[in-house]
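Below are the chains, spelled out letter by letter.
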Amino acid sequence: GKDTMKHYGRVISSLCLLFVLVQFGCGTTVSPGQRGLRWYPFTEGLTNETLKSGFYWQAPWNDVFLYDIRWQSYTESVDALSSDDLLVKLRAAIIMRPLPEEVYFLAQEIGPDFYPRVVKPELLAAVRSVVSNYQMVNVPEQSAEIAAKVQAVVVEKLKGRHLEVTSVALADIELARIVLEAVERKQSKEQEKEQKEFELV
């Protein structure tokens, strides 16, 4: 009677629990645009076989680390000094991703926080270093050239880091107000002069 029912109840709930564990605790889906690395904490640690998209079974104590290999954009605000020692504020955007076939080495040497640890400091340093070769007033019109130089520096610095950079762009360039006003005054004086000469003619 009752005991048998209880026993069956227990068996059924154990089976349900087991089913739930098997369903949820024991598999990882690697989505398109990701690569996975198997992690065996008690035996070999991180394995160098890179998993492409699909579903992978695993014991609950093992894991799969996921790395997004799609192009990602990161934007930083940078304060840089021009060659005439004036402040230029700008935003630098970098588009990059882990090299899909080198995810294992990236995981071993740097880890998933590769952007803040490795890329961001190199990007900021490159922007400051390149901008310091330009006069402040020339930064906006030469921003494409500056961005290309920054990209070349960053690519060079990230060699062997298992990352790939496809573009660096600069935007929202703000120049020191004082100089801008001086430049505008000079231009308006020249325009007045030209206007007067034109009226005389």
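Our subject is the structure listed above.
Parameters at a glance
- Residues numbered from 1 in each chain as written.
- Predicted model: local features only at pLDDT ≥ 70, side-chain atom pairs only at ≥ 80, totals over all residues.
- Heavy atoms only, no water.
- Helix = DSSP H or I, 4+ residues; strand = E, 2+ residues; numbered from the N terminus.
- Rg over C-alpha atoms; globule rule 2.2 N^0.38 Å.
- Buried < 20%, exposed > 50% of the residue type's maximum accessible area, 1.4 Å probe, protein only.
- Contact = heavy atoms within 4.5 Å.
- Areas by Shrake-Rupley, 256 points an atom, 1.4 Å probe, with all protein chains shown as cover.
- Lys, Arg positive; Asp, Glu negative; His and termini not counted.
- Charge placed at Lys NZ, Arg CZ, Asp CG, Glu CD.
- Pairing = 2+ DSSP bridges.
- Axes fitted to C-alpha atoms, helices over the stretch in contact; angles between N-to-C directions.
- Phe/Tyr/Trp six-rings, centres within 6.5 Å; stacked < 30°, edge-to-face > 60°.
- Parallel < 35°, antiparallel > 145°, perpendicular 65-115°, else oblique.
- Left-handed = near helix turned anticlockwise from the far one by under 90°.
- Nonpolar A, V, L, I, M, F, W, Y, C, P; charged D, E, K, R; others polar.

Undergrad: How do you make sense of the overall build of the protein when you look at a structure like this?
TA: Each helix and strand in the protein was counted, giving five helices and eight strands. Moving toward the C terminus, one meets the helices and strands of the protein in the order α-β-β-β-β-β-β-β-α-α-α-β-α. Taking 201 residues into account, the globule formula puts the C-alpha radius of gyration at 17 Å, and the protein, at 29 Å, lies well above it. C-alpha atoms of the protein, sized along the principal axes, occupy 115 × 40 × 25 Å. For the protein, the residues scored as buried account for 32% of the 201 residues in total. Here the analysis covers contacts within the protein between residues at least 6 apart in sequence; of these, 66% occur between residues at least 24 apart. Summed over its atoms, the accessible surface of the protein is roughly 12,900 Å², and 55% of this surface lies on carbon and sulfur atoms. Side-chain charges in the protein split into 23 positive and 27 negative, and the spacing between the mean points of these groups amounts to 8 Å.

Undergrad: Even after reading the chapter, I still don't get the sheet that holds strand 7 (residues 87-98), so can you show me in this structure?
TA: The strands making up a sheet are joined through hydrogen bonds of the backbone, oriented either antiparallel or parallel. The strand order across the open sheet built from three strands is 6-7-8, with neighbouring strands paired in antiparallel fashion. Of all the strands in the sheet, the pair left with one neighbour each is strand 6 (72-81) and strand 8 (163-175). The sheet shows a mean angle of 25° between the axes of neighbouring strands, taken without regard to direction. Across the sheet, helix 3 (residues 114-131) touches strand 6, strand 7 and strand 8, and the angle it forms with strand 6 is around 40°. Contacts from helix 4 (residues 143-157) reach strand 7 and strand 8, with the element oriented near 145° to strand 8.

Undergrad: I tried to follow the packing of aromatic side chains on my own but got confused; where do I start?
TA: To describe a pair of aromatic rings, one takes the distance between the centres and the angle between the planes. Inspection of the entire model under this criterion finds four aromatic pairs. On the basis of an interplanar angle of 70° and a centroid distance of 5.3 Å, the ring pair of Tyr104 and Phe105 is categorised as edge-to-face. Look at Phe105 and you get partly exposed, because its relative accessible area is 41%.

Undergrad: Quick question: what am I supposed to make of the sheet that holds strand 2 (residues 34-40) here?
TA: If you trace the three strands from one edge of the open sheet to the other, you get 3-2-5, paired in antiparallel fashion. What marks the edges here is a single partner per strand, and that holds for strand 3 (45-51) and strand 5 (63-68). Strand-to-strand twist across the sheet, computed as the mean angle between neighbouring axes with direction ignored, equals 30°. Here six bridges tie strand 2 to strand 5, and the two strands are oriented antiparallel to one another. Looking across to strand 5, one finds that Arg38 is bridged to Val64.

Undergrad: Got a minute to help me understand the environment of Lys89 in this structure?
TA: Relative to the elements of secondary structure, Lys89 occurs in strand 7. Residues Lys89 and Asp113, spaced 24 residues apart in sequence, show a C-alpha to C-alpha distance of 26 Å. If sequence neighbours within four positions are ignored, Lys89 has contacts with Val78, Asp79, Asp172, Ile173 and Glu174.

Undergrad: What is the right way to look at unusual backbone geometry in this model?
TA: Excluding glycine, residues mostly have negative phi values, and the peptide bonds linking residues are mostly trans. The backbone of Asp85 sits at a positive phi, close to 60°, despite the residue not being glycine. Take Asp85: it is sitting in the loop between strand 6 and strand 7. Phi is positive for His162, which is not a glycine, with a value near 70°. One can find His162 in the loop between helix 4 and strand 8. Looking at His162, the relative accessible area reads 9%, which means it is buried.

Undergrad: Help me out: how do you make sense of the packing of helix 3 against helix 4 in this one?
TA: Angle between the axes and distance between the axes: these two values describe a pair of packed helices. It is at 9 Å that the axes of helix 3 and helix 4 come closest, and there the two elements cross at 135°. When the interaxial angle is binned, helix 3 and helix 4 end up oblique. Like other packed secondary-structure pairs, helix 3 and helix 4 cross with a definite hand, here right-handed. Between helix 3 and helix 4, the residues in contact are Glu122, Leu123, Ala126, Val127, Val130 and Val131 and Ile146, Lys149, Val150, Val153, Val154 and Lys157, respectively. In the contact of helix 3 with helix 4, the residues fall into nine nonpolar, no polar and three charged.

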